[in-house]
Structure formats: structure tokens, C-alpha cells
Amino acid sequence: MPVEEVSEDNGLHVALIMDGNGRWATLRKFPRIYGHKMGIEAVRKVIEAAPRNKIGMLTLYAFSSDNWKRPPEEVTHLFSLLKSYLRQEVDSFVEKGIRLVFIGRRDRIAEGLRAEIEAAEQKTRYGEALIVRIALDYSGREQILMALADLPCATPEALSFALSGVGKDWPVDLLIRTSGEQRLSDFLLWECAYAEFYFSPIHWPDFDGKALGEAVGAYLQRDRRFGSIKT
Ligand code: FPP
């Protein structure tokens, strides 16, 4: 099946680069880590608003493989926020039919968090209302190389399938990056082949359901031709 024909049936696949937590906090004279804490609140709002915006899959860039270059205290704090987030949310995800899937490397994640991640994936595995993929220790280039190394026959369909982690090929329809940055930063390189890009000036902690609705509204106005012409 051609890659671009898949999303319609399942809802939109929206990918989010949640930039600006640090700047949001610094502007308010708070430590950067408070910005990440408030960033979690924005994640909650966006997940809540996803189904009414025709979204079937949300992929959130929580921690890139390059983020290991940050000060160790900030890295530790991010992982501990994620751990408490999982503890708080998993039961409500099960109730709401939200499936949680992690993409990225797992071998460098502390054992305790890795166990929580695997338990969360197990508990939510039957969710069909929305898939939330969290990219953690994630590098798009590395994921492609690793998937190719495991594939007996590297076709575009097989690679898309291998990268998705949800048992189906689901390319990105809309990529949103906040805080005025306009880069892809090694995120979903293969999956974004025909993605529409939307850059918002809003710092991530201020992003909410309304901002998501505006981004999806802008996406719906776009004319996606996938290299073809209008007939
Ligand atoms: C970018 O802001 C944000 C991150 C590197 C981390 C994103 C993480 C969260 C929102 C919390 C955890 C996520 C989930 C899915 C539960 P920045 O620190 O680069 O901000 P700056 O560009 O202003 O410095």
C-alpha cells in the first residue's frame, strides 16, 4: 500500500517537537526544570484534545539521543518527571482507550524506568481510541539504521512498518514544533517524508487544546499532492 494512503482511515498522525520549556521558565525567573514540569501539563491538554481534532496517533519527542549532552541534573529530572507521569496516567489511559508506545533506544534507560515503560505498554496495549508514542533516547537516523540491520529485505513498506512500533505503517501527516524553532532535529526522518510542517511561536508549556486545534485547522487547509498534480 502506498505510504501516503494509510492515515485517512486511522485518523491523523501528528508529531510534536515540544520546544521552549527552558525559555518559558527562564522568562519567568524559574529554574528550567519547572518549565519541564509545566510542559507535562501541556502534554496532558494536548492528549485530551487529540481525539476531537481527528488525531489517531500522537508522537511526542520527549528526549532525543542528543539530549544526553544536557547537564546531568536536568536529564535526571526529565526522567523522573516521566516516571511520575507514567505512574499518574496509566490507569486513566486504560480507561480512555489510549495506547502508549515508546520508540527509541531502551538500553541506556535506567532499569526502574524501563520496567515502568514496559508495564505501561502492556497495560494499555488494547487501547484503540488514540495511540500516544513517546520518543525517548530517540535518534531518527539511528532508528533507520537499526531497523535496516534487522530487515531481511529492505523495502519502503517493510521499513515504515518496522519503525512504527504499532504494527502498522503510519506516516506523519502533521509535524508541529513550538517556540519558533524551525528544525527537524533528527526526529522521524523517514516518517516525515510527506509531512506538513507547522511552526508555532508558543513556548511548549503554553501550548494547549486550542493551539492544537489551530495547527490542525491550518493543516486541513493545506493541499497535499504527494508529488502529483491536481486532476
Ligand atoms: C524542549 O524544551 C523540551 C524537552 C527537551 C523535553 C520535553 C519534555 C517534556 C515536555 C516533558 C516530558 C514529556 C512527556 C511526553 C511526558 P527545551 O528544554 O529545549 O527548552 P528551550 O529550548 O527553551 O531551552
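Residues numbered from 1 in each chain as written. Predicted model: local features only at pLDDT ≥ 70, side-chain atom pairs only at ≥ 80, totals over all residues. Heavy atoms only, no water.

Draft legend 1. Representation of the overall build of the chain in the model. Looking only at helices and strands, one finds 8 helices and 6 strands in the chain. Secondary structure elements of the chain occur, N-terminal to C-terminal, as α-β-α-α-β-α-β-α-β-α-α-β-β-α. Scaling as 2.2 N^0.38, a compact globule of 231 residues should have a C-alpha radius of gyration of about 17 Å, and the chain matches this with 17 Å. Across its three principal axes, the chain shows a C-alpha extent of roughly 55 × 40 × 35 Å. Relative to its 231 residues, the chain shows a buried fraction of 50%. (Helix = DSSP H or I, 4+ residues; strand = E, 2+ residues; numbered from the N terminus. Rg over C-alpha atoms; globule rule 2.2 N^0.38 Å. Buried < 20%, exposed > 50% of the residue type's maximum accessible area, 1.4 Å probe, protein only.)

Draft legend 2. Expanded view of the pattern of salt bridges. Overall, the coordinates contain 22 salt bridges when judged by the stated rule. Taking the shortest distance from any N to any O, the salt bridge between glutamate 48 and arginine 52 comes out at 3.5 Å. The partner of glutamate 118 in a salt bridge is arginine 106, with the nearest N and O atoms 3.8 Å apart. With a gap of 12 residues between them, glutamate 118 in helix H5 (residues 111-123) and arginine 106 in the loop between strand E3 (98-103) and H5 connect regions that are remote in the sequence. Glutamate 118 sits in the partly exposed class, given a relative accessible area of 38%. One salt-bridge network, held together by shared partners, links Asp19, Arg23, Arg177, Glu181 and Arg183. (Salt bridge = Lys/Arg side-chain N within 4 Å of Asp/Glu carboxyl O.)

Draft legend 3. Molecular detail of the site of the ligand. The full set close to the ligand counts 19 residues, and Asp19, Gly22, Arg23, Arg32 and Arg70 are the nearest of them. Separating an oxygen atom of the ligand from a side-chain N or O atom of aspartate 19 is a distance of 3.1 Å. Between the ligand and arginine 32 there is a distance of 2.8 Å, counted from an oxygen atom to a side-chain nitrogen or oxygen. For the ligand, the protein covers 92% of the area, taking 620 Å² as the surface of the free molecule. When atoms are counted within 2 Å of each cavity's grid points, the one that captures over half of the ligand is the largest pocket. Examining the composition of the shell around the ligand, we find that 4 residues originate from one element, helix H3 (residues 32-49), more than from any other. Its residues assigned to classes, the shell around the ligand shows 9 nonpolar, 6 polar and 4 charged. (Near = heavy atom within 4 Å. Polar contact = N/O pair within 3.5 Å; in protein donor to acceptor, adjacent residues only side chain to side chain. Areas by Shrake-Rupley, 256 points an atom, 1.4 Å probe, with all protein chains shown as cover. 1 Å grid on protein atoms, 1.4 Å probe; cavity = no way out; pocket = protein on both sides within 12 Å on 5 of 7 lines; lining within 4 Å. Sits in = over half its atoms within 2 Å of the grid points. Nonpolar A, V, L, I, M, F, W, Y, C, P; charged D, E, K, R; others polar.)

So, to be careful, I would describe these as geometric facts and stop short of saying anything about function.
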